[in-house]
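The chain contents come next:
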Amino acid sequence: GVQGVPPNTTRAEVVNLSLGGPADAQGQQVWSEVVDIITNREGANYGYPILVTAAGNSNESVENIVPADIPAMITVGASRVDGRRAEYSNWGPSIDVMGPGGQSSVDQNVDGFPDGVLSLYANEYDFEQGTSMAAPHVSGVIALALSIDPTLDQARAQQLIRLSADPAGVCNEGCGTGYLD
C-alpha cells in the first residue's frame, strides 16, 4: 500500500516484463528472491500474478540475463513467420517457449511487408521485432487460460505453455519446447 492512495482492488493477474539485461550473481539472487516473494512466499499481498518475461534481443544465451534466466519465470524467445528462432533472439535452457516476435529483415510470407509485428509506435503503426513483441502473445494466452481456470498459478501456467508448444519451433541453441501454439 501507499499512504494516501486507496488499495488496488483489481490486481494484475498476468504481468508481462518486456525488460531485462545482464546481471552478476548478486543481481540474479535479487531477481530470484523477488520472483519467489511474488509467486510464492508473500504472493497473497500481490494477488499471485503470473510473470512472463522477454528473453532479450542480443543473440546470446540467457545464462546471465535477468529476469529471463530466473527458473520460475516464463521466459519467451522470438520466432519468425516460419516458427524458427529469429536471428536476434536470445536462446538457452531458460527459454520456455518461442512466441511471434517477427524478423523485419525478411518477408517470408511474401506479402510485401517486413515480417515484423504490427505495433503502435510514436502514434503510428509500424512493423517492430523483438522478444518484447513475443512475450505479450504468451501473456495473452495465459490470460485466456486464466479465464477458463482462475486457479492457474505460475508453475502450472509455465507447464501449460511448455506442454502445448509446437515442437517444430525447437532449435539447437535452446528454444524451449517450441513455439507458442
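Structure: above.
Asks: Explain the pairing of strand β3 (residues 50–54) to me, please; I cannot follow it from the model alone.
Replies: Consecutive side chains of a regular strand alternate in pointing toward one face of the sheet and then the other. In terms of burial, β3 is a largely internal element, 5 of the 5 residues being buried. Alternating positions in β3 separate into two faces, Ile50, Val52 and Ala54 on one and Leu51 and Thr53 on the other, with burial throughout. Of the strand pairs in this sheet, strand β1 (residues 14–17) and β3 are connected by 4 bridges, and their pairing is parallel. Within β3, the position partnered with Val14 by the bridge is Ile50. Bridge count between β3 and strand β5 (residues 74–79): 3 bridges; the pairing is parallel.

Asks: Sorry, what's going on with the packing of aromatic side chains here?
Replies: The geometry of an aromatic ring pair is captured by two quantities: the separation of the ring centres and the angle between the planes. For the structure on display, the rule yields 1 aromatic pair. Their ring planes at 35 degrees and their centres at 5.5 Å tell us that Phe113 and Phe127 sit as a pair that is tilted. Placement of Phe113 in the loop between β6 (97–100) and β7 (117–121) and of Phe127 in strand β8 (residues 124–128) is noted, with a sequence separation of 14 residues between them. Given a relative accessible area of 45%, Phe113 falls into the partly exposed group.

Asks: Mind showing me how you'd approach helix α2 (residues 131–148) here?
Replies: Residues that lie three or four places apart on an α-helix share one face, since the helix turns once every 3.6 residues. In a regular helix each residue adds 1.5 Å, so 18 residues correspond to 26 Å; α2 covers 26 Å between its end C-alpha atoms and thus fits that length. Burial in α2 covers these residues: Thr131, Met133, Ala134, Ala135, Val138, Ser139, Ile142, Ala145 and Leu146.

Asks: What exactly am I supposed to notice about the environment of Gly140 here?
Replies: Assignment of secondary structure puts Gly140 in helix α2. Remark: the alpha-carbon pair of Gly140 and Asn16, spanning 124 residues in sequence, is separated by 9.2 Å.

Asks: Please clarify how the layout of surface pockets should be interpreted in this entry.
Replies: Regions of empty space are outlined by a rolling probe, equal in size to a water molecule, passed over the atoms. Counted as a void, the largest pocket has a volume near 230 Å³. Contributing to the lining of the largest pocket are Gly1, Val2, Val5, Pro6, Pro7, Asn8, Arg11, Ala12, Val15, Asn45, Tyr46 and Pro49.

Asks: Is there a simple way to explain the state of the cysteines in this structure?
Replies: Simply put, the disulfide is a covalent bond whose two ends are the sulfur atoms of two cysteines. Tallying each qualifying case throughout the model produces 1 disulfide. In this model Cys171 forms its disulfide with Cys175; the gap between the sulfur atoms is 1.8 Å. Looking down the S-S bond of the Cys171 and Cys175 bridge, the torsion is 85 degrees, so its handedness is right-handed. When its relative accessible area of 1% is taken as the criterion, Cys175 is described as buried.

Asks: Help me understand a nonpolar patch on the surface, please; the structure alone is not making it clear to me.
Replies: On the surface, a nonpolar cluster with roughly 390 Å² of combined accessible area is contributed by Leu118, Leu120 and Tyr125. Here Leu118 is to be found in strand β7.

Asks: I tried to follow the sheet that holds β1 on my own but got confused; where do I start?
Replies: Each strand in a sheet pairs with another by means of backbone hydrogen bonds, the pair being arranged parallel or else antiparallel. Taken together, the 4 strands give an open sheet; going across it, the order is β1-β3-β5-β6, and neighbouring strands pair in parallel fashion. Each edge of the open sheet is held by one strand with a lone partner, namely β1 and β6. Averaged over neighbouring strand pairs, the angle between their axes works out to 35 degrees when direction is ignored.

Asks: Explanation requested: the pattern of salt bridges in the structure shown.
Replies: Oppositely charged side chains can form a pair if their charged atoms are brought close together. For the structure shown, the criterion picks out 4 salt bridges. Residue Arg80 pairs with Asp82 through a salt bridge whose shortest N-O separation is 2.5 Å. You can call Arg80 partly exposed: its relative accessible area is 24%. Given the relative accessible area of 37%, Asp82 is considered partly exposed. Put simply, Asp96 and Arg162 hold a salt bridge, and the shortest N to O gap is 3.1 Å. One end of the pair, Asp96, is in the loop between β5 and β6; the other, Arg162, is in helix α3 (residues 154–164), and 66 residues separate them in sequence.

Asks: In this structure, what is going on with the nonpolar core? I would like to understand it.
Replies: Inside soluble globular proteins, nonpolar side chains tend to come together where they are buried. By size, the foremost hydrophobic cluster in this structure holds 20 residues, and its most contacted members are Ile50, Val52, Ile74, Val76, Val97, Val138 and Ile142. At 6 residues, α2 tops the list of elements feeding residues into this core. Those residues in contact with Ile74, other than ones at most four positions away along the chain, are Ile50, Leu51, Val52, Thr53, Asp96, Val138, Ile142, Gln154, Ala157 and Gln158.

What counts, and where the lines are drawn
Residues numbered from 1 in each chain as written. Predicted model: local features only at pLDDT ≥ 70, side-chain atom pairs only at ≥ 80, totals over all residues. Heavy atoms only, no water. Buried < 20%, exposed > 50% of the residue type's maximum accessible area, 1.4 Å probe, protein only. Helix = DSSP H or I, 4+ residues; strand = E, 2+ residues; numbered from the N terminus. Pairing = 2+ DSSP bridges. Phe/Tyr/Trp six-rings, centres within 6.5 Å; stacked < 30°, edge-to-face > 60°. Expected span 1.5 Å × (residues − 1). 1 Å grid on protein atoms, 1.4 Å probe; cavity = no way out; pocket = protein on both sides within 12 Å on 5 of 7 lines; lining within 4 Å. Points joined across faces, edges and corners; volume = space filled by probe spheres on them. Disulfide = S-S within 2.5 Å. Patch = residues over 30% accessible without salt bridge, like charges linked within 9 Å, V, L, I, M, F, W, Y side chains within 5 Å. Areas by Shrake-Rupley, 256 points an atom, 1.4 Å probe, with all protein chains shown as cover. Salt bridge = Lys/Arg side-chain N within 4 Å of Asp/Glu carboxyl O. Axes fitted to C-alpha atoms, helices over the stretch in contact; angles between N-to-C directions. Core = buried A, V, L, I, M, F, W, Y, C linked by side-chain atoms within 4.5 Å. Contact = heavy atoms within 4.5 Å.

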